[in-house]
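Descriptive analysis of the structure
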Amino acid sequence: MQNSEFAKLFYEISELLELKNENPFKIRAYQKAARNVEDLSKNLTEIYKSDGLKGLEEIPGIGKNIAEHIEEIIKTGKLKKYESLKKEFPRGLIELTNIPGMGPKTAIKLRKELGIDSVKKLEAAAKAGKINNAANILRGIDLKKRSRGRYLIDDAASHAELIVNELKKIKGIKKILPCGSLRRGQETVGDLDILVVSENPGPVMDAFTRLPYVKNILAKGKTKSSVILKNGMQADLRVVPEKSFGAAAHYFTGCRAHNIHIRQLAQKKGWKVSEYGIFKGKKQIGGETEEDLFEKFGLQYIPPELREMRGEFEAAAKDQIPKLVELKDIKGDLHMHTKATDGANTIAEMAEAAKKLGYEYILITDHTKSTRVAHGLTGKEMLGHLGKIKSIKGIKVLAGVEVDILKDGSLDYPDEILKQFDLVVASIHSNFKMPKEQMTARVIRAFQNKYVNIFSHPTGRLINEREPYQIDLEEILKAAKKYNVAIEVNAHPKRLDLTDIWCKRAKELGVKVVVSTDAHSTDQLQLMKYGILTARRGWLEKKNVLNCLSHDKLLKSLHAK
DNA sequence: GCCGTTTTCGGCCCGACTGTTTTCAGTCG
Ligand SMILES: Nc1nc2c(ncn2[C@H]2C[C@H](O)[C@@H](COP(=O)(O)OP(=O)(O)OP(=O)(O)O)O2)c(=O)[nH]1
Ligand SMILES: [Mg+2]
Ligand SMILES: [Mg+2]
Ligand SMILES: [Zn+2]
């Protein structure tokens, strides 16, 4: 079983325990365990096999009980506790709690009083007038049906920008800052969380809830409002006074576990942290800015991308928060397509656009013949295509290729062709469904080719569309190190592949990383920023990212194989 | 259920909004 499946199971147990009206801290313990398992790069099954229960208990948030759960699942493929909970509370009951505003208490009450244990039955009862605030509930059901779950980061960012631009027009607003998972640069975003500084929140709330993009108002108060936008996305607004800006930005940026941790640190010092500041008794002693908030705790500033409860507090206490890579450090883009295959622009157009971004170089990487859907080229066609590269003033246009790794790990072009490119990017575009060991061996065989320099979109996942193929990334990273292959962080919001966690692992293993857009048009060259966010979430520094190097040093580093 | 450099038992973040609650529970951020 995959870690993600263990995590899902523990989340589900926590929901079932809520319905059972269990101790809220027990519920949180399961959520915490799920979260920590999700964040692990090592497989739980492997940990158990090598270090047993003791190994499992070393994972934060996993103690004797949950370790035994994991053991039971590995040994029997089932968990009795979960099976019996599931019998007690049908799936439909959990679905009821997914309706906004409806929690476990209400769901249980509905079942007890009206025999309702599914959204369908609730809808019918509401329409038949058997329920108190039927209108609200029907609205909630409707919202749930329309909501698309989690959004791609570029989608969230563009909607945040629309709202920010509208809010800017309001008088008396001193600051506007989108926070939450968007500010942390998470690969998907559940909702928009926008912070506003104003000493006069009333008019801000009025304006926010009347925005043209707003479809429903979920809540509207003095300091906080929530709305549903026309596209189904939720947007939350907090308004605080200037003196609370830092604490509020910190609170609203999260993550939740990170917030709880800093509040616990405050308790130990006899202080209190809330979104309004750091307090000693009634007196505010800090939190005007985020920098001040961390400083008051003797902590180095923690960038939003690292606020995930993944070791940032330990690092900050020791002054070991790395100087994270930035967009301005990027000197070139090493993955892009042109009209010759499935791109929209010519080589010259891509080069001009890249030059405008201030890049020193780009690598043209069109598809090879096996990727027929993308009109992949034969070796001869490819060399002809790249032969048309004219020197363009102010930017180096490198001749590259995104060569298919075939089913057996051989490449779509022979070495005589491959050796003619400046750099070779390799990736998987077919035969996704094969056992993990076979896929891993296939890719490692490709790494052994003398001319392969970069492995692109290593898991092939498409967020919200396609699961990653089965591949042992730990082995892939080790092989990448051995054969001097750089691993790509594909910056496209649908991919973001490698993920943040695996970026961190790559750094630990000393594997070189490149951040590339895989642009299929000049516009898409600007997606680089999302790849950078992912790299930053993976604790990567400028020195870990090869396309922060100048052209000469880049080629030298990759050609050493 | 987890955890511990004051604790192996007794804590576990803190606050906003809604509804009918006249002093709080439920839900959510
Ligand atoms: N102290 C504290 N802060 C919370 C809690 N829940 C949420 N927050 C803070 C941290 C979150 O990042 C921020 C926004 O809440 P969201 O529910 O929108 O979560 P977030 O944006 O992190 O993830 P999302 O992508 O929206 O699911 O509010 C909580 O229980 N306690
Ligand atoms: Mg959010
Ligand atoms: Mg939110
Ligand atoms: Zn590509």
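Residues numbered from 1 in each chain as written. Chains lettered and ligands numbered in written order. Predicted model: local features only at pLDDT ≥ 70, side-chain atom pairs only at ≥ 80, totals over all residues. Heavy atoms only, no water.

**Focus: the pairing of strand β12 (residues 361-364)**
In summary, the side chains of a regular strand alternate between the two faces of the sheet. Every second residue of β12 is oriented toward a common face, with Tyr361 and Leu363 on one face and Ile362 and Ile364 on the other, all of them buried. The sheet contact formed by strand β11 (residues 332-333) and β12 spans two bridges and is parallel. For Asp333, the partnering residue across the bridge sits in β12 and is Ile362. Note on the crossover from β11 through helix α17 (residues 347-356) to β12: the handedness is right-handed. Both β12 and strand β13 (residues 396-404) contribute to a ladder of four bridges, which runs parallel. Considered in β13, the bridge of Ile362 is made with Val397. (Buried < 20%, exposed > 50% of the residue type's maximum accessible area, 1.4 Å probe, protein only. Helix = DSSP H or I, 4+ residues; strand = E, 2+ residues; numbered from the N terminus. Pairing = 2+ DSSP bridges. Right-handed = clockwise from strand over helix to strand, strands pointing away.)

**Notes on the sheet that holds strand β8 (residues 272-274)**
An order of β8-β9-β10 is seen for the three strands of this open sheet, with the pairing classed as antiparallel. Either end of the sheet is taken by a strand with one partner, and the two such strands are β8 and β10 (283-286). With direction set aside, neighbouring strand axes in the sheet form an average angle of 40°. (Axes fitted to C-alpha atoms, helices over the stretch in contact; angles between N-to-C directions.)

**A closer look at the site of ligand 1**
As a structural note, the neighbourhood of ligand 1 is formed by 15 residues, with Arg150, Ser181, Gly190, Asp191 and Arg256 the closest of them. At a separation of 2.7 Å, an oxygen atom of ligand 1 approaches a polar backbone atom of Gly190. Here ligand 1 has 590 Å² of accessible area as a free molecule, and 72% of this is covered by the chains. Looking at the shell around ligand 1, the elements that each hand over two or more residues are α11 (180-184), α13 (245-253) and α14 (256-268). (Near = heavy atom within 4 Å. Polar contact = N/O pair within 3.5 Å; in protein donor to acceptor, adjacent residues only side chain to side chain. Areas by Shrake-Rupley, 256 points an atom, 1.4 Å probe, with all protein chains shown as cover.)

**Some points on the coordination of the magnesium ion (ligand 2)**
Around the magnesium ion (ligand 2), the donor atoms from the protein are Asp191 (OD) and Asp193 (OD), and they sit 1.9 to 2.1 Å away. Taken as an interatomic distance, the gap from the magnesium ion (ligand 2) to the magnesium ion (ligand 3) is 3.5 Å; Asp191 donates to each of them. Its relative accessible area of 11% is what places Asp193 among the buried residues. (Donors = N, O, S within 2.8 Å, 3.2 Å for Na, K, Ca; no water.)

**Focus on the packing of helix α1 (residues 3-19) against helix α2 (residues 24-38)**
Two numbers describe how α1 lies on α2: the axes approach to 8 Å, and their chain directions differ by 165°. As summarised for this structure, α1 and α2 are arranged roughly antiparallel, according to the angle between their axes. Once α1 is placed against α2, the crossing between them reads as left-handed. Every residue of α2 that contacts α1 at Asn3, Phe6, Ala7, Phe10, Tyr11, Ile13, Ser14, Leu17 and Glu18 is listed here: Lys26, Ile27, Tyr30, Gln31, Ala34, Arg35, Val37 and Glu38. (Parallel < 35°, antiparallel > 145°, perpendicular 65-115°, else oblique. Left-handed = near helix turned anticlockwise from the far one by under 90°. Contact = heavy atoms within 4.5 Å.)

**Description of the sheet that holds β11**
Strand order across the open sheet formed by seven strands is β11-β12-β13-β14-β15-β16-β17, with parallel pairing between neighbours. Edge positions in the open sheet fall to β11 and β17 (513-516), since each of these has one partner strand only. Bridging between strand β16 (residues 486-490) and β17 involves four bridges; their strand directions are parallel. Following the sheet pairing, Glu488 is matched in β17 by Val514.

**Observations concerning the nonpolar core**
With 63 residues, the main nonpolar core has Ile362, Phe421, Phe447, Phe455, Ile476 and Ile487 as its most contacted residues. Each residue touching Ile476, except ones within four places of it in the same chain, is listed here: Thr440, Val443, Ile444, Phe447, Phe455, Ile471 and Ile487. Counting residues in each nonpolar core, the second largest holds 43 residues, with Leu56, Ile73, Leu79 and Ile141 among its members. (Core = buried A, V, L, I, M, F, W, Y, C linked by side-chain atoms within 4.5 Å.)

**A few points about the environment of Leu327**
With respect to the helices, strands and loops of the structure, Leu327 is situated in the loop between α16 (312-317) and β11. Residue class for Leu327 comes out partly exposed when judged on its relative accessible area of 41%. Separated by 202 residues in the primary sequence, Leu327 and Lys529 have C-alpha atoms spaced 6.1 Å apart. With residues near it in sequence (within four places) discarded, Leu327 still touches Met528, Lys529 and Ile532.

**Observations concerning the domain arrangement of chain A**
The accessible area lost on association of the parts is a frequent measure of interface size. Along its sequence, chain A is carved into domain 1 (3-147), domain 2 (152-317) and domain 3 (327-558). Each of domain 1 and domain 3 has a C-alpha centre, and the two are 39 Å apart. Opposite the four residues of domain 1 that make contact, domain 3 presents four residues. Across the interface of domain 1 and domain 3, roughly 310 Å² is buried in total on both sides, 53% from carbon and sulfur atoms. (Domains from an automatic or database assignment. Buried area = accessible area lost by both parts, 1.4 Å probe.)

**Brief notes about the packing of aromatic side chains**
Overall, the coordinates contain seven aromatic pairs when judged by the stated rule. Judged by centre distance (5.6 Å) and plane angle (25°), the rings of Phe432 and Tyr469 are stacked. Highlighted residues: Phe432 in the loop between β14 (423-427) and α20 (436-447) and Tyr469 in the loop between β15 (454-455) and α21 (473-482), separated in sequence by 37 residues. On the basis of relative accessible area, Phe432 is assigned to the partly exposed category, the value being 24%. Measuring from centroid to centroid gives 5.4 Å for Phe447 and Phe455, while their planes differ by 70°, and the two rings are edge-to-face. With a relative accessible area of 1%, Phe447 lands in the buried category. With a relative accessible area of 0%, Phe455 lands in the buried category. The ring of Phe245 carries Lys175 above its face, with NZ or CZ at 4.7 Å from the centroid. Over the ring of Trp271 we find Lys269, and its NZ or CZ is 5.3 Å from the ring centre. (Phe/Tyr/Trp six-rings, centres within 6.5 Å; stacked < 30°, edge-to-face > 60°. Lys NZ or Arg CZ within 6 Å of the ring centre and 35° of its normal.)

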